[in-house]
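Summary of the model geometry
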Amino acid sequence: MNTLLNIETRNAVLLKMAELLEKERAAIIKINKADLEAYDGSDISMYDRLKVDDSKVDDMIASVTHLASQDDPVGVERFAFKHENGMQVYNKTASFGTVLIIYESRPDVTVEAAGIAFKSGNKILLKGGKESLKSNLKIVELWHQALKENGASTDWVEYLQFDRTETQAFLEKPTQKVDLIVPRGGEKLIAFVKEHATCPVIISGRGNNFVYVHKEADLQIAMDVIINAKTTKISACNALDKVLIDKNLPNKEAFVKDLISKLKAFKVAILGDEIMSEYDDVEAIPSNAVWYEEFLDYKIVIGEIESTQDAIAMINTYSGGHSSSIITKNDNEAQTFMANVDNAAVYHNASTRFTDGFQLGLGGELAISTDKLHQRGPIGLQHLVTNKWYVHGNGQIR
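The paragraphs below set out a description of the structure included in this document. Here the residue numbers are simple positions, counted from 1 along each chain's written sequence. Under the rules for a predicted model, residues below a pLDDT of 70 receive no local features and side-chain atom pairs below 80 are neither given nor counted, while totals for whole chains, interfaces and linings still include all residues. Note that water and hydrogens are dropped before the side-chain values are worked out from all heavy atoms of the structure.

**Some details on the overall build of the chain**
Helix numbers and strand numbers start at the N terminus; a helix is a DSSP run of H or I with at least 4 residues, a strand a run of E with at least 2. Of the regular secondary structure elements, the chain holds 12 helices and 16 strands. Relative to the globule expectation of 21 Å for 398 residues, the C-alpha radius of gyration of the chain, 23 Å, shows essentially globular dimensions. The C-alpha extent of the chain, read off along each of the three principal axes, is 75 × 60 × 35 Å. The accessible surface values rely on the Shrake-Rupley method and a 1.4 Å probe; as for residues, cover is taken only from the protein chains in view. Of the roughly 18,400 Å² of accessible surface on the chain, a fraction of 48% belongs to carbon and sulfur atoms. Throughout, radius of gyration means the C-alpha value; the globule benchmark is 2.2 Å times the number of residues raised to the power 0.38.

So this is what it looks like as structure tokens:
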């Protein structure tokens, strides 16, 4: 086991990483082009996640620079207690030890997620997808350089070049100690990890996010939120898939027609329930199973709903437990919706696209958890720790 690196070394490695990413920017983008060319392009959201351009490199640099500026999440006192026998008791945060991150197609995870886990004092094992292998290996090379230049072992960041069979074998019988696994990717990857892992797994589950347009909605806000949440980044897990429209919404027909035409302008395929599919350009949903689906595509489902209670029930039945938003001027209705929708993030008059560590003030995220233990929603630096009891005595016995 590696001895915990002091915070000065961890920060120095992160800042060196920022320097190297800038210096090797052109090389990273060029290597990534080879990964893109080798990919068959069959899945547009996968392609979008795979691509590294200048703005993605900027984000990687911003991520590690910001991490270096944050307080050390390890060794933070959470609780102190003086026992009646004189013992002094403390509970402090502690690193997990070794974190395995299994992910698909996203070379930025090799920087951002690894950076958060590293700053939290953990050894990192990275298992990326074959489609991003060249990009990932180049970035890991930079991690190793940053570690070496700061007198730290390259063991702190290790890339596992495993195929599916080797990955399964490692999950079932790890050849080294693994304390936590974080899968980042689609439902198939997450199910695969859950089935075979023998240590704790943080589930970064499906999105399938909802917007409910309440009868007292500001229609301009509703329009802006739906278009933003659906079209700005279709590959994001916080993108919108389902819209529920209150049957008593004033000017409902005009609003729905306007919404359809704006979605069509973005080339979004629109599916509808029995009522909504009567509108032009809206195809009837083939079955109710569609309500469960996360699309990660230019595709949306619109349905009509009777009330806030029905909207809550619908979301709690079909959503992935990620994010939902209510559009209304009625604060009481918003409060009822937000208290009762069983999602990691609930919104009032805002886009679901803000469910993101950086946007919610955490300075980046390792993943967005749809589990309730041990952290829900974006998992930031301060959540990627466990805790430990420190008890100081002078011979007390029980």
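Having seen the structure, we can now continue with the description.
**Focus on the sheet that holds strand β9 (residues 269-272)**
At least two bridges found by DSSP between two strands are what make those strands a pair. Taken in spatial order, the 7 strands make up an open sheet running β10-β9-β11-β8-β7-β12-β13, and their pairing is parallel. Each edge of the open sheet carries a strand with a single partner, namely β10 (283-284) and β13 (345-348). Two strands pair when backbone bridges link them, and strand β12 (residues 323-327) and β13 are joined in this way by 4 bridges, in the parallel orientation. Across the sheet, isoleucine 326 pairs through a bridge with histidine 348, a residue of β13. Two residues qualify as a contact provided that any one of their heavy atoms is within 4.5 Å of a heavy atom in the partner residue. Throughout, an axis means a line fitted to C-alpha atoms (over the contacting stretch in the case of helices), and angles, computed between N-to-C directions, take values from 0 to 180 degrees. Helix-sheet contacts for helix α9 (residues 219-231) involve β7 (209-213), β8 (240-246), β11 (299-305) and β12, and the interaxial angle to β8 is about 160°. Strands β7, β12 and β13 of the sheet are contacted by helix α12 (residues 331-340), whose axis makes an angle of about 170° with β13.

**Points about the nonpolar core**
For this analysis, a nonpolar core means a set of buried residues of the types Ala, Val, Leu, Ile, Met, Phe, Trp, Tyr and Cys, connected via side-chain atoms within 4.5 Å. Only protein chains enter the accessibility calculation, which uses a 1.4 Å probe; a residue whose area is less than 20% of its type maximum is buried, one above 50% is exposed, and one in between is partly exposed. Formed by 46 residues in total, the largest nonpolar core has its most connected members in Leu21, Ile101, Phe118, Leu126 and Trp143. Of the residues forming this core, the biggest block, 7 residues, is contributed by helix α5 (residues 109-119). If near-sequence neighbours (up to four positions away) are discounted, leucine 126 is found in contact with Ile101, Tyr103, Thr110, Ala114, Val140, Val157, Glu158, Tyr159 and Leu160. Counting residues in hydrophobic clusters, the runner-up holds 26 residues, among them Ala217, Val243, Leu259 and Ile260.

**Here's the deal with unusual backbone geometry**
Its identity is not glycine, yet asparagine 251 carries a phi of approximately 55°, on the positive side. Inspection of the secondary structure assignment puts asparagine 251 in the loop between β8 and α10 (252-265). Here asparagine 251 falls in the exposed class, since its relative accessible area comes to 59%. Positive phi, close to 70°, is recorded for aspartate 281, a residue that is not glycine. Relative to the helices and strands, aspartate 281 resides in the loop between β9 and β10.

**Details of the packing of helix α7 (residues 164-172) against helix α8 (residues 187-196)**
Orientation of α7 relative to α8, taken along the N-to-C sense of each, is 40°, at an axis distance of 8 Å. Here α7 is positioned oblique relative to α8, judged by the angle of their axes. Contacts between α7 and α8 pair Arg164, Thr167, Gln168, Leu171 and Glu172 from the former with Phe192, Val193 and His196 from the latter. In the scheme used here, Gly and all other residues not listed as nonpolar or charged are polar, with Ala, Val, Leu, Ile, Met, Phe, Trp, Tyr, Cys and Pro taken as nonpolar and Asp, Glu, Lys and Arg as charged. For the contact of α7 with α8, a count of residues per class yields 3 nonpolar, 3 polar and 2 charged. Under this scheme an angle from 65 to 115 degrees is roughly perpendicular, one under 35 degrees roughly parallel, and one over 145 degrees roughly antiparallel; angles in between are oblique.

**Looking at helix α1 (residues 7-23)**
Here α1 contains 17 residues, and its C-alpha end-to-end distance of 24 Å stays within 8% of the 24 Å for a straight helix at 1.5 Å per residue. Listing the buried residues of α1 in full gives Ile7, Thr9, Arg10, Asn11, Val13, Leu14, Lys16, Met17, Ala18, Leu20 and Leu21. Elements that come into contact with the buried residues of α1 comprise α2 (25-38), α4 (54-69), α5 and α6 (133-149). A helix is expected to span 1.5 Å for every residue after the first.

**Regarding the environment of alanine 334**
Here alanine 334 lies in helix α12. Taking C-alpha positions, alanine 334 is 8.9 Å from threonine 308, a pair spaced 26 residues apart along the chain.

**Re the side chain of histidine 196**
Mapping histidine 196 onto the fold places it in helix α8. Relative accessible area serves as the criterion here: at 10%, histidine 196 is assigned to the buried category. A polar contact of 2.7 Å, which involves the side chain of histidine 196, links it to the side chain of glutamate 172. When near neighbours in sequence (up to four residues on either side) are disregarded, histidine 196 contacts Gln168, Leu171 and Glu172. Polar contacts, as counted here, are pairs of nitrogen or oxygen atoms within 3.5 Å of one another; within protein the pair requires one atom able to donate a hydrogen and one able to accept it, and residues that are adjacent in sequence qualify only if both atoms are side-chain atoms.

**Description of the pattern of salt bridges**
A pair is scored as a salt bridge if a Lys or Arg side-chain nitrogen falls within 4 Å of a carboxyl oxygen belonging to Asp or Glu. One pass over the structure, following the stated rule, counts 18 salt bridges. Here arginine 10 and aspartate 72 are joined by a salt bridge, their closest N and O atoms 2.9 Å apart. Remark: aspartate 72 occurs in the loop between α4 and β1 (77-82) and arginine 10 occurs in helix α1; sequence separation between them is 62 residues. Under the relative-accessibility criterion, arginine 10 is labelled buried at 2%. The salt bridge partner of aspartate 342 is arginine 376, with a shortest N-O separation of 2.7 Å. In this pair, aspartate 342 is assigned in the loop between α12 and β13 and arginine 376 in the loop between β14 (368-369) and β15 (377-378), connecting sequence segments 34 residues apart. Here the residues in one salt-bridge network are Glu22, Arg25, Asp54 and Asp58, joined through shared partners.

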